[in-house]
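Read off the chains here:
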Amino acid sequence: MFKKLQQLQAIIAYKNSENLGDIAILKSDLFGAKVSPTVASKLQPVAGYYPKQLF
């Protein structure tokens, strides 16, 4: 329950920021969104990839 409250607080905080893409990720985590097996297999080559920090 505490984790869900923290996630909801994070969504509210991001809603007031300019990071709108982060809201979608946080909401999917909060509501337990699942990826279809077809999409998951297509995303497998980029699992664990993090872009290089530019600044």
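Residues numbered from 1 in each chain as written. Predicted model: local features only at pLDDT ≥ 70, side-chain atom pairs only at ≥ 80, totals over all residues. Heavy atoms only, no water.

(A) Region of interest: the overall build of the protein chain. Check the secondary structure of the protein chain and you find 3 helices and 0 strands. For the protein chain, the sequential pattern of α-helices and β-strands runs α-α-α. Relative to its 55 residues, the protein chain shows a buried fraction of 7%. (Helix = DSSP H or I, 4+ residues; strand = E, 2+ residues; numbered from the N terminus. Buried < 20%, exposed > 50% of the residue type's maximum accessible area, 1.4 Å probe, protein only.)

(B) How the structure looks around the confidence of the model for the protein chain. Residues with a pLDDT of 70 or more make up 82% of the protein chain, whose mean pLDDT is 77. Least confident of the elements in the protein chain is helix α2 (residues 20-31), whose mean pLDDT is 72; most confident is helix α3 (residues 37-43), at 89. (pLDDT = per-residue confidence, 0-100.)

(C) Main features of the environment of Asp29. Within the element layout of this structure, Asp29 appears in helix α2. A sequence separation of 25 residues divides Asp29 from Lys4, and the C-alpha atoms of the two residues are 9.5 Å apart. Setting aside anything within four residues of it in sequence, one finds Asp29 in contact with Lys4 and Gln7. (Contact = heavy atoms within 4.5 Å.)

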